[in-house]
Amino acid sequence: MKHFASAMINALLLLLFVIGTSCSRSESEQNEDLAGQAFDAMAEGKAAQYLLLTEEEQAVASRPPRYRSYFHVQDVQVHVSESEPDTIHYECTVPGPVGVAFCIATARYYLLNDQFSRRIPISGYLRVITDDDGRRCIVPTDKSNPFALYLALQRIGDNDFTVTGTVNPQGDYQSDSAFVAALSAATVAVSDAYGRIIPGWVEGDTLKSELENYVANFGEILRSASPNLPPLPSARSGLLNRWPWLKSKQFIFWAVVVALLIIAGVVKGAYYLGVKINNRVQEHRRARQFSAYGSLFHIPQNTLTLALSCTVGAFDWDVMQPKHNQHAGETPDLGILEKAILFTFRPAVFRREMVNLCRNLEKKPADNAKAMSAGWCACALGRCLTRGLSPHKVQTHRKRFDRLQKRFQKEVDHYVAVRDELVGLRQANIQDLISNTKDTKRRNSRIKKLQTKLQKLEKTLRDGPVVRAVRRGVRPITYLEKMACDMHSHSKFEQQGAMMGLLPFLIKHSRHKQVSPVLENVVKARNEMISSDSEMSFFEVRVPTYCTKEGYGVALGEVLRCANPSMTFADTNQIMELATAEIPGVLSLLTHYPLRIIDPGNREKEGFYKFTPFRHALWTQYVPPKDEGQVIRRYHEVLDMTLPNSTGLNLRLFTSPYDVIPVLFHEYCHHMEDNNEASVFLRTHMFCQYFYRKYRAADPKKNFAFVYLQNLLGTTPDPEKYDKLNNLILTYYGEQEPEHVAEKKTDLMVDEMNKQILMFNQTNRWCPDKTFPLLTNEGDKTSLDTIRSASIRAATAPRRITQQEFNERLENWRPQ
Amino acid sequence: MTPGYEQARRIALGLTRAPVAANDSENMWEVMPSNRTVPLLETPFQFFVRDFAAPPEVLAQRAALSLFDEYEADRNRAVNFLLRLSSLLHSRTVESIETMLMETPVWDWLSYVFLDEQDLNEQLINELAKTDGPCRRAVCNAAKSAMERLEAHRELFAQILAQYGDAQ
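Residues numbered from 1 in each chain as written. Chains lettered and ligands numbered in written order. Predicted model: local features only at pLDDT ≥ 70, side-chain atom pairs only at ≥ 80, totals over all residues. Heavy atoms only, no water.

**Student:** Explain the overall build of chain B here, please?
**Tutor:** Broken down by element type, chain B carries seven helices and zero strands. Ordered by position from the N terminus, the helices and strands of chain B form the series α-α-α-α-α-α-α. For chain B, the residues scored as buried account for 46% of the 168 residues in total. Restricting the contact set of chain B to residue pairs at least 6 apart, pairs at least 24 apart contribute 72%. Approximately 8,500 Å² of chain B is accessible, and the part contributed by carbon and sulfur atoms is 50%. (Helix = DSSP H or I, 4+ residues; strand = E, 2+ residues; numbered from the N terminus. Buried < 20%, exposed > 50% of the residue type's maximum accessible area, 1.4 Å probe, protein only. Contact = heavy atoms within 4.5 Å. Areas by Shrake-Rupley, 256 points an atom, 1.4 Å probe, with all protein chains shown as cover.)

**Student:** Any chance you could explain a nonpolar patch on the surface here in plain terms?
**Tutor:** Side chains of A:Ile252, A:Val256, A:Leu260, A:Ile263 and A:Val267 sit close together on the surface and give an oily, nonpolar patch of about 470 Å² of accessible area. Looking at the element boundaries, A:Val256 is found in helix α11 (residues 249–296). (Patch = residues over 30% accessible without salt bridge, like charges linked within 9 Å, V, L, I, M, F, W, Y side chains within 5 Å. Salt bridge = Lys/Arg side-chain N within 4 Å of Asp/Glu carboxyl O.)

**Student:** Would you explain the packing of aromatic side chains in this entry?
**Tutor:** A ring pair, where both rings are aromatic, is described by two values, the distance of the centres and the angle of the planes. Residue and element names in this part refer to chain A. Here the structure, examined in full by the defined rule, presents 26 aromatic pairs over all chains. On the numbers, 6.0 Å between centres and 65° between planes, the contact of Phe 687 with Trp 813 is edge-to-face. Taken together, the residues span a long stretch of sequence, with Phe 687 in helix α26 (residues 677–694) and Trp 813 in the segment after α31 (803–811) at a distance of 126 residues. With respect to burial, Phe 687 and Trp 813 carry one shared label: buried. Centre to centre, the rings of Phe 691 and Tyr 692 are 5.8 Å apart; their planes meet at 65°, and the pair counts as edge-to-face. (Phe/Tyr/Trp six-rings, centres within 6.5 Å; stacked < 30°, edge-to-face > 60°.)

**Student:** It is not clear to me how helix α4 (residues 97–106) of chain A should be interpreted in this structure. Could you clarify?
**Tutor:** Because an α-helix packs 3.6 residues into every turn, residues spaced three or four apart end up facing the same way. Residue and element names in this part refer to chain A. Judged by how many residues are buried, α4 sits mostly within the fold: 10 of 10 residues are covered. By the burial criterion, the buried members of α4 are Pro 97, Val 98, Gly 99, Val 100, Ala 101, Phe 102, Cys 103, Ile 104, Ala 105 and Thr 106. Once α4 finishes, Ala 107 follows within two positions and takes phi at roughly 55°, a positive value.

**Student:** Can you walk me through the packing of helix α4 (residues 94–103) of chain B against helix α6 (residues 133–149) of chain B in this structure?
**Tutor:** The axes of two packed helices give the description: the angle between them and the distance between them. All names here are of chain B. Interaxial distance between α4 and α6 falls to 9 Å at its minimum, and their mutual angle equals 10°. By the angle between their axes, α4 is roughly parallel relative to α6. Residues Val 94, Ile 97, Glu 98 and Leu 101 of α4 touch α6, and the partners they reach there are Pro 134, Cys 135, Ala 138, Val 139 and Ala 142. Residues belonging to the contact of α4 with α6 are distributed by class as follows: eight nonpolar, no polar and one charged. (Axes fitted to C-alpha atoms, helices over the stretch in contact; angles between N-to-C directions. Parallel < 35°, antiparallel > 145°, perpendicular 65-115°, else oblique. Nonpolar A, V, L, I, M, F, W, Y, C, P; charged D, E, K, R; others polar.)

**Student:** Explain α26(A) to me, please; I cannot follow it from the model alone.
**Tutor:** Residues and elements named next belong to chain A. Compared with the 26 Å implied by 1.5 Å per residue over 18 residues, the 25 Å span of α26 between its first and last C-alpha is a close match. For α26, the tally of buried residues reaches 15 of 18 residues, placing the bulk of the element in the interior. The N-capping residue of α26, defined by a side-chain oxygen 3.0 Å from the backbone nitrogen of Ala 678, is Asn 676. (Expected span 1.5 Å × (residues − 1). Polar contact = N/O pair within 3.5 Å; in protein donor to acceptor, adjacent residues only side chain to side chain.)

**Student:** Explain the side chain of A:Arg468 here, please?
**Tutor:** Residue and element names in this part refer to chain A. Inspection of the secondary structure puts Arg 468 in helix α18 (residues 465–471). Residue Arg 468 is classed as buried on the basis of its relative accessible area, which comes to 8%. Within polar-contact distance, the side chain of Arg 468 engages the backbone oxygen of Thr 460 at 3.1 Å. The contacts of Arg 468, once residues within four sequence positions are left out, are Leu 404, Phe 408, Glu 411, Thr 460, Leu 461 and Asp 463.

**Student:** Looking at this structure, I do not really get the sheet that holds strand β8 (residues 595–598) of chain A. What am I missing?
**Tutor:** In a beta sheet, neighbouring strands are held together by backbone hydrogen bonds and run either parallel or antiparallel to one another. All names here are of chain A. In space, the three strands of this open sheet follow the order β7-β8-β11, with mixed pairing throughout. Each end of this open sheet is capped by a strand with a single partner; those strands are β7 (539–541) and β11 (649–650). Pairing geometry for β8 and β11, over two bridges, is parallel. The residue of β11 that forms the bridge with Ile 598 is Asn 650. (Pairing = 2+ DSSP bridges.)

**Student:** Explain the environment of A:Glu739 here, please?
**Tutor:** Residue and element names in this part refer to chain A. Turning to its location among the elements, Glu 739 is positioned in helix α29 (residues 739–763). Sequence-wise, Glu 739 and Ala 795 are 56 residues apart; in three dimensions their C-alpha atoms are separated by 7.9 Å. Leave out the neighbours within four places in its chain, and Glu 739 touches Ile 792 and Thr 796.

This is how it looks when you write it as structure tokens:
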């Protein structure tokens, strides 16, 4: 902007200079102006007022001429020297006599005149005098001047026509002979005038050949006829005439220099302006995003701004700068989950924050809230690590991180060696105490030294290689890549978070040779995760319970993009708008029971669609390689599939803004504690009728449950058909069982499962000391309780409705 | 008749082909192998119950069409035509059958979209079995013209022609 401003100032100065020079008007300039005005007036036939004429001449000139002369002077240049302001030097061209004669005879001007009738250059001097009335007048100093010619042509028709009355003033003639006669008269009169005033130019042969040429081309010339003279450039209009110094080489040089400077300034200014506008647009976009994330936490944007500015310190985002100084402690701090979600959407490269995120990556957190936090931390870390990262640098960062890891491993080995030595010395001390040996002084000194050393080493080792890497500006992409691929060391949501964090960068640079191997690994890990036979593989939309629809829409979009980056999904914010408008309270369902997104590409595993009260998987956590490495632990993972949203939604439901809404309504009914499937199906059907009628763009044909029920129950559901609905539900869900029967069946099932676990524990040869806990109160009680409650709840849930309930549902189908 | 209903009706009857959604191309994000046997969009709306197979397309079309207010009038009209045709077949009046089928082309009403399968079996298929050759021929001619006219959902007419096509 500075350059632009300086260029503008230069241009302004130049303009002022030019204006300044033109404002000082001397006598010579006034005379020059007068001459210019006189030359201009000849075209309009009003030049006599500027000339010094006798009374007789004045009387003739003031009479309107009978014939218009079409006398136009061109290429006029006048110059007055400062030393002789009354003497004006002029140069100009006057029209040739042939053209003028034809114009007079036909009362028209021809634009091609100058092409076929040569113009005559005249130059000379004029004098400016002041008459008795004080009027400034022009007096030609020689006979051959354009004003004399102008006056002579003005008088044609009065005295010079030999055949009076031949020329028709309108240019129309009754016969060709009349026209030829008029033309001859005009030619004679004009050539006579030219011969008298500029004798050298009207010699017989020259005029004759020019006349023949003009007559030969008169057809073409005639087409360029015009009733008026073309606009003539003013004798004073040219800047070069006005300011002759403009023609000097020095001025041209400086003008070019200044022009180049101005152009450079303008270009640079435009560039900076473009950058500024772009930044503004980006900031605006960020601010809008930021507003959404602020609302995600139910925290006003200002508060969030202040909170972040206080807790983060040197934040570089303009929109997050505090408006005024705030004391720390006056504003609420954000938890790591909120920060992680924020950094996911607005990644930064502040090492302090990245270290904070790294420290919250937990291995297999048992707590759901911690797992959610760790997942978003992994995602945020991925976004932060790849922010502004060039794909060319991936390999460099990978190597540097590998070196850091090796160094860390060495330090760990050293620590282990020191620790072992210390343990050895202590054991020796104990031995000596037993054998009453007194020579322990030197050993104790050594122990103290080792203890100090160990403490130092522990302090050094507190930060793992990831934190160290981040602190040193290394971007440990490899770590996140491993996290995404390692289902043994990390929870699923952490894996998903790492994938979500890395994918935008990996997809953007998928063809880069340094990036493509990382992408391949992540894609492979994703495929393995989806194809794993645990029937628990899905992508989850986990958000805090206080999430708003805007925030949920953003988080849903993130998860969907990760679940299948090749698909085009509907606007998730629009989905959430629709969902919250048509199912008030749906956010409570979505935040308490995270949506699970499944990819139907894996339809071979029909398990996704089969209803089972719970899903159970046996996990072995180990140090690779499999069947050889050290087993860390063996444990159960049980999912309660009777809870809303537990089975997972086909991600293709999200390709349209409408398809998922009826499914959400179905789950919402369960969330509102209607556990009767017949009742929920009827409610959903009534909702579908309402919804599809309201939103014609939705496609009900894809909703098979609706299609079946619409054909089964009719457009207006017939209460007499309530039993048909019950039978349909029973076909798929089976009969309701009494509680004691369900309990007994569940106990038998658990016994059977325990038998299999016991058999595995007894026959297993891979780290047999690490056994699976039994599903008992003494073993894994949590898993046992989940299995029991889910199984009994599913078996005892009602599946029939009475006709009265059917009628009630038709009236009030929305869950209360 | 609203334009929305008109369009949905033409698609449901088979007079116009429904727009086909483009299949997802193979890509690295697709977990299933390329020789997939299950269409991707087959069952996105299952409420997680066993063996909930996709309904026949004509049922889906009927369900979608029945959401329009104009559907009931069309359905009643089709039922009336079916009863009339059934009685004509029963009384074996060929001229009346031909006149009726000319005035009310079968492709415009004789469809599972408007008529229940049970009614069609009782009123049309059974009556065709009982009636004489000329009457069957008249119905077969109408079925042939419907086959030429329709772009989809020609199963019912194909069934009639397969059963009685050589009646003439």
